[in-house]
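# A closer look at the structure
Okay, here's what each chain looks like letter by letter:
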Amino acid sequence: MAARGRSDDGGGEAQPAPAVRLLGGRLSPFTLRARLALALRGVEHELVEEQLHPHKSDRLLAANPVYKKIPVLLLPDGRAICESAVIVQYVDEAWPGGADGVGILPEDPYERAMHRFWTVYVDDKFWPALDAISLAVTQEARARATAEVLAALKLLEEAFGARSNGGAFFSGHDASPGLFDIALGCFLPALWACKQLNGLKLLDVATTPLLCRWSERFAATAAAKAVLPETEEVVAFTRFLQATFCVAGSK
Ligand SMILES: N[C@@H](CCC(=O)N[C@@H](CS)C(=O)NCC(=O)O)C(=O)O
């Protein structure tokens, strides 16, 4: 990780606090996850856009030598925090107290564990399948990925029923999204784009009514409005990825 780099010479006029920076991409879902947490806590930050192709920057490689991925949160003193879910939890601890004093992580250890569990689940199972729908190079691969996403959404619908306790969000609150709301919410633009790109209505009121309502409420939060990109931008970027990386018949 990057070394501490703060130099403080003591006297003189007070300098403005150095900004928190986020190495990321405006359309990257994992970057969106980190930015949603920063927005929820009102943390001023600069998004430093990283170009991942054809080469990653030395700055990114130095900040995240382990995974070499975005996002990376760079603290004012130069220290780096990698992995989007770790960043969200760091933000929750470093800038405590949301609008109504509710944490991004619940108070109750069991509920905290559930938010972490489902966050790991979406990263391991849901997102790879959703990504694979748009980047599949055969009809068979696309059909397989679609079935996996639908199965994952069914599980998540049940999880929502169990965790939300009648509240608007997985957190069980009506005004404060929690870790898992943010962890899943960052993929909403990709879900909306998938509808446009592949004609797939994956969030359907007939099969996932709770998640449909949740997605509307999440998208209506100030943090989501400030951070989530327009679907058209994600559609255009996905088409670029398809044209660049997906060669029909290569799988
Ligand atoms: N587990 C990581 C995943 C981050 C990730 O996959 N980021 C993508 C962009 S959305 C990336 O950096 N891809 C470049 C690569 O895989 O080399 C996290 O949660 O931060």
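- As recorded in an unreviewed UniProt entry, the protein goes by glutathione transferase and comes from Zizania palustris.
- For the protein, the Catalytic activity (unreviewed entry) comment in UniProt is given as "RX + glutathione = an S-substituted glutathione + a halide anion + H(+)".

### Structural notes on the overall build of the protein
- Scanning the protein from N- to C-terminus turns up 10 helices and four strands.
- Scaling as 2.2 N^0.38, a compact globule of 251 residues should have a C-alpha radius of gyration of about 18 Å, and the protein matches this with 19 Å.
- Referenced to the eigenvectors of the C-alpha coordinate spread, the extents of the protein come out at roughly 65 × 45 × 30 Å.
- By the burial criterion, 46% of the 251 residues in the protein qualify as buried.
- By sequence separation, contacts in the protein at least 24 residues apart represent 68% of the contacts at least 6 residues apart.
- Only carbon and sulfur atoms are counted for the fraction: they give 54% of the accessible area of the protein, which is about 13100 Å².

### Some points on the packing of aromatic side chains
- Taken as a whole and assessed by the stated rule, the structure comprises 13 aromatic pairs.
- With a centroid separation of 5.0 Å and an interplanar angle of 85°, the aromatic rings of Phe 117 and Trp 118 are classed as edge-to-face.
- A network of ring pairs unites the aromatic residues Phe 160, Phe 169, Phe 170, Phe 180, Trp 214 and Phe 218 as a single cluster.

### Examining the pairing of strand E1 (residues 20–24)
- Most of E1 sits out of view: four of its five residues are buried.
- Where E1 lies against strand E2 (residues 45–49), five bridges are found, and the strand directions are parallel. In the strand pairing of E2, Gly 24 is matched with Glu 49.
- Bridging between E1 and strand E3 (residues 72–74) involves three bridges; their strand directions are antiparallel. From the neighbouring strand, Leu 23 faces E3, where its bridge partner is Val 72.

### Quick notes on empty space enclosed by the protein
- Across all of its chains, the model carries one cavity of 30 Å³ or more by this definition.
- Size it by volume and the largest cavity reaches roughly 30 Å³.
- Surrounding the largest cavity, Leu 36, Leu 40, Pro 177, Ile 182, Phe 218, Thr 221 and Ala 223 form its lining.
- Classifying every residue of the lining of the largest cavity gives six nonpolar, one polar and no charged.

### Focus on the site of the ligand
- Looking at the ligand, the residues that line it are Ser 28, Pro 29, Phe 30, Leu 52, Lys 56, Lys 69, Ile 70, Pro 71, Glu 83 and Ser 84.
- Within the side chain of Lys 56, one N or O atom sits 2.4 Å away from an oxygen atom of the ligand.
- Taking Ile 70, its main chain carries an N or O atom lying 2.8 Å from a nitrogen atom of the ligand.
- Contact with the protein chains covers 75% of the free accessible surface of the ligand, which is 520 Å².
- Judged by its atoms lying within 2 Å of the grid points, the ligand is housed in the largest pocket.

### Regarding the pattern of salt bridges
- Evaluated as defined, the whole model comprises eight salt bridges.
- Here Arg 33 and Asp 123 are joined by a salt bridge, their closest N and O atoms 2.7 Å apart. Here Arg 33 is found in helix H1 (residues 29–40), whereas its partner Asp 123 is found in helix H4 (residues 109–135), with 90 residues between them in sequence.
- Take Asp 123: its relative accessible area is 24%, and that puts it in the partly exposed class.
- With a closest N to O distance of 3.7 Å, Lys 154 and Glu 158 form a salt bridge.

What counts, and where the lines are drawn
Residues numbered from 1 in each chain as written. Predicted model: local features only at pLDDT ≥ 70, side-chain atom pairs only at ≥ 80, totals over all residues. Heavy atoms only, no water. UniProt positions renumbered as here; feature names shortened; annotations may be inferred. Helix = DSSP H or I, 4+ residues; strand = E, 2+ residues; numbered from the N terminus. Rg over C-alpha atoms; globule rule 2.2 N^0.38 Å. Buried < 20%, exposed > 50% of the residue type's maximum accessible area, 1.4 Å probe, protein only. Contact = heavy atoms within 4.5 Å. Areas by Shrake-Rupley, 256 points an atom, 1.4 Å probe, with all protein chains shown as cover. Phe/Tyr/Trp six-rings, centres within 6.5 Å; stacked < 30°, edge-to-face > 60°. Pairing = 2+ DSSP bridges. 1 Å grid on protein atoms, 1.4 Å probe; cavity = no way out; pocket = protein on both sides within 12 Å on 5 of 7 lines; lining within 4 Å. Points joined across faces, edges and corners; volume = space filled by probe spheres on them. Nonpolar A, V, L, I, M, F, W, Y, C, P; charged D, E, K, R; others polar. Near = heavy atom within 4 Å. Polar contact = N/O pair within 3.5 Å; in protein donor to acceptor, adjacent residues only side chain to side chain. Sits in = over half its atoms within 2 Å of the grid points. Salt bridge = Lys/Arg side-chain N within 4 Å of Asp/Glu carboxyl O.

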